[in-house]
Amino acid sequence: MRRKPLILRAFPRIAAIAVSVALGACATQSQPPKPTAIVSAPASPPAAKPPAPAPAEALLPKVPQPQERPVAPPSVTDPAIPREQRIAAFVDYTAQTYGVDSQRIRDTLAQAEYRQSIIDAITRPAEAVKPWRDYRNIFMTPARIDGGVAFYRDNREALDRVSAQTGVPAEYIVSIIGVETFYGRNTGSYRVIDALYTLAFDHPKRAPFFAGELAQAFALTRDEPQLDLLTLKGSYAGAMGMGQFMPSSYRLWAKDGDRDGRRDLLTHKPDVFASIANYFVVHGWQPDGPVVARAAFDAQQAEFVPENLEPVHPLQALAARGYRPQPGEPVAEGATVVNLDGDAGREYWLGYRNYYVITRYNRSPMYALAVHQLAQAIRAGALGRVSRRCAHRHR
């Protein structure tokens, strides 16, 4: 807390005169009073300057990121504009931005349907309504762990090849597929066109993003002719395939893993594996780098809630806030803090650079931690160190 400076007040000149006169009146009257010299009060020293504010915490450099994906302009997304006018503006925006035929866009949109269930689903995602102790249990189950171990063993050669090329461990590629689609079993039942159409024109809060994705979907199906926008299925948010790529992610970062001339992220595993790994690489994955460390927290201090998940806080600064890696946990310079409600009470984690990269796939801190813990369980299982009942150990 900053102290207020102490302000010194000078006695005015007349105070000095009054003091001198009073002293003269008290002197013996047998002698005439001597003239009293008028002495000016000493000048007040200058007011003390307020103390300089404490220097801001020196942050580390941010993890370089690719350019933000484009969003649709207000002419498409402003809810004050009539809906049909926004749709017409969308046709023009998509045609001009991506070179897609205007009539094709109109004909496709004419077959899109508003789905209230999509609005319902996106307003209550598990990341927003469940605490960590419940969210974790969605993914850290014997079935999900065993399924990941089997998937890894069945595809080990292809996964290990991608891992060697990119530096992304195979278990994290498998874990993403496991969390997103249960290893390809549930890739979504909504038509992508319906999901993006509904969210672009009837979900004002995120309309700029989803209208941008709808435009990207038209460009994607032009670039990848094997994809039919009217039959393509995905999540309520319009994500597709085993790894649940949004249209812009598909266009920008999908890879042709086996060089057959197309990028098929729906069921073609070589492309799926290469694309998930490439997504991590593009967003800053550090080969052999740690992901998280369980932290000990000094309960005498207030919990620190960073503004975002960027791993820019030096470990020394976090230690001053009461957060230190527990013994045996990995240590790396630069972390963020994650405070969660676990089965046994509060849990404290330090998220390093690779943790941040996982949050670029899904911005939820719980999602990234679930991916990490499932990946660790899959790796242990693939190496023969995990049983069906060991899910509780991977915390």
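Computed from a predicted structure; not experimentally measured.

Parameters at a glance
Residues numbered from 1 in each chain as written. Predicted model: local features only at pLDDT ≥ 70, side-chain atom pairs only at ≥ 80, totals over all residues. Heavy atoms only, no water. Helix = DSSP H or I, 4+ residues; strand = E, 2+ residues; numbered from the N terminus. Buried < 20%, exposed > 50% of the residue type's maximum accessible area, 1.4 Å probe, protein only. Polar contact = N/O pair within 3.5 Å; in protein donor to acceptor, adjacent residues only side chain to side chain. Phe/Tyr/Trp six-rings, centres within 6.5 Å; stacked < 30°, edge-to-face > 60°. Pairing = 2+ DSSP bridges. pLDDT = per-residue confidence, 0-100. Contact = heavy atoms within 4.5 Å. Core = buried A, V, L, I, M, F, W, Y, C linked by side-chain atoms within 4.5 Å. Axes fitted to C-alpha atoms, helices over the stretch in contact; angles between N-to-C directions. Parallel < 35°, antiparallel > 145°, perpendicular 65-115°, else oblique. Nonpolar A, V, L, I, M, F, W, Y, C, P; charged D, E, K, R; others polar. Expected span 1.5 Å × (residues − 1). Lys, Arg positive; Asp, Glu negative; His and termini not counted. Salt bridge = Lys/Arg side-chain N within 4 Å of Asp/Glu carboxyl O.

Asker: What is the right way to look at the side chain of Asp194 in this model?
Answerer: Structurally, Asp194 is set in helix α11 (residues 192-202). Of the residues examined, Asp194 reaches a relative accessible area of 2% and is grouped as buried. Of the polar contacts made by the side chain of Asp194, one reaches the backbone nitrogen of Glu113; its length is 2.8 Å.

Asker: Help me understand the packing of aromatic side chains, please; the structure alone is not making it clear to me.
Answerer: One pair of aromatic rings is described through two measures. These are the centre distance and the angle between the planes. With the rule as written, the count across this model stands at 19 aromatic pairs. An angle of 80° between the planes, with centres 5.8 Å apart, marks the rings of Phe182 and Tyr183 as edge-to-face. Among the residues examined, Tyr183 registers a relative accessible area of 8% and is labelled buried. Consider the rings of Phe245 and Tyr361, whose centres lie 6.0 Å apart with planes at 80°: the pair is edge-to-face. Of the two residues, Phe245 is situated in the loop between β2 (233-234) and α13 (247-253) and Tyr361 in helix α16 (residues 353-361); the sequence distance between them amounts to 116 residues. Grouping residues by exposure puts Phe245 and Tyr361 together as buried. Of the aromatic side chains, those joined through ring pairs into one cluster are Tyr172, Phe245, Trp253, Tyr279, Phe280, Trp285 and Tyr361.

Asker: What am I meant to see in the pairing of strand β5 (residues 336-342) here?
Answerer: Regular strands place their side chains on alternate faces of the sheet. With respect to burial, β5 is a largely interior element, six of its seven residues being buried. Here β5 runs beside strand β6 (residues 345-351); their pairing, made up of seven bridges, is antiparallel. The residue of β6 that forms the bridge with Asp341 is Arg346. Here β5 folds back onto β6 in antiparallel fashion, the turn holding two residues.

Asker: How should I be thinking about the confidence of the model for the protein in this particular structure?
Answerer: Low pLDDT marks regions whose predicted coordinates should not be analysed in detail. Per-residue confidence for the protein gives a mean pLDDT of 88, with 83% of residues at or over 70. Note that pLDDT drops below 50 for residues 1-45; the model gives that stretch 15 contacts with residues more than four away or on any other chain.

Asker: Could you clarify how one ought to interpret the nonpolar core in this entry?
Answerer: Nonpolar side chains in soluble globular proteins tend to end up buried together. Membership of the largest hydrophobic core comes to 96 residues, with the highest contact counts inside it found for Leu109 and Phe280. Top element by residues in this core is helix α17 (residues 365-382). It accounts for 11 residues. Ignoring any residue separated from it by four or fewer positions in sequence, one finds Leu109 in contact with Ile87, Phe90, Val91, Ile193, Tyr197, Leu214 and Phe218. Core analysis: the next-biggest nonpolar cluster, separate from the first, contains 13 residues, Ala295, Leu315, Leu318 and Tyr323 among them.

Asker: Is there a simple way to think about unusual backbone geometry in this case?
Answerer: The bulk of non-glycine residues show a negative phi, and the bulk of peptide bonds are trans. One non-glycine residue, Phe182, adopts positive backbone phi at about 50°. Even without being glycine, Gln244 reaches a positive phi, approximately 55°. Tracing the sequence through the fold places Gln244 in the loop between β2 and α13.

Asker: What is the right way to read the packing of helix α10 (residues 170-181) against helix α14 (residues 269-282) from this model?
Answerer: Think of two packed helices as two axes; the pair is described by the angle between the axes and how far apart they sit. Two numbers describe how α10 lies on α14: the axes approach to 10 Å, and their chain directions differ by 105°. In terms of their interaxial angle, α10 and α14 are classed as roughly perpendicular. Across the interface between the two elements, Tyr172, Ile173, Ile176 and Ile177 of α10 pack against Val272, Phe273, Ile276, Ala277 and Phe280 of α14. Looking at side-chain class alone, the contact of α10 with α14 contains nine nonpolar, no polar and no charged residues.

Asker: When you look at the sheet that holds strand β3 (residues 292-297) in this model, what are you seeing that I'm missing?
Answerer: Adjacent strands of a sheet pair through backbone hydrogen bonds, lying either parallel or antiparallel. If you trace the four strands from one edge of the open sheet to the other, you get β4-β3-β6-β5, paired in antiparallel fashion. Each edge of the open sheet carries a strand with a single partner, namely β4 (323-325) and β5. Strand after strand, the sheet turns through a mean of 40° between neighbouring axes, direction not considered. Against the sheet, helix α7 (residues 132-139) touches β5 and β6, its axis set at about 90° to β5. Together, β3, β5 and β6 form the strand contacts of α17, whose direction differs from that of β5 by roughly 85°.

Asker: Just to check I follow, could you spell out α14 for this structure?
Answerer: Along an α-helix, residues three or four apart share an orientation, since each turn contains 3.6 residues. Taking 1.5 Å of rise per residue, the 14 residues of α14 would be expected to cover 20 Å, and the 20 Å separating its terminal C-alpha atoms lies within 8% of that figure. Counting buried positions over the 14 residues of α14 gives 10, a clear majority of the element. On its buried side, α14 packs onto α8 (142-154), α9 (156-166), α10, α13 and α16. Where α14 ends, the next residue or the one after it, Gly284, has phi of about 105°, a positive value.

Asker: It is not clear to me how the side chain of Asp264 should be interpreted in this structure. Could you clarify?
Answerer: Turning to its location among the elements, Asp264 is positioned in the loop between α13 and α14. The charged side chain of Asp264 is buried without a salt bridge, its nearest counter-charge being Arg262 at 4.2 Å. Sequence-distant contacts of Asp264, defined by excluding residues within four places in its chain, comprise Gln226, Tyr250, Asp271 and Val272.

Asker: Please clarify how the pattern of salt bridges should be interpreted in this entry.
Answerer: If charged atoms from side chains of opposite charge come close, those side chains can pair. For the coordinates displayed, the defined rule picks out 10 salt bridges. Notably, a salt bridge pairs Lys62 with Glu310, separated by 3.9 Å at the nearest N-O pair. Of the two residues, Lys62 is situated in the loop between α1 (13-26) and α2 (74-77) and Glu310 in the loop between β3 and α15 (315-320); the sequence distance between them amounts to 248 residues. Lys62 sits in the exposed class, given a relative accessible area of 58%. Classification of Glu310 by relative accessible area gives buried; the value is 15%.

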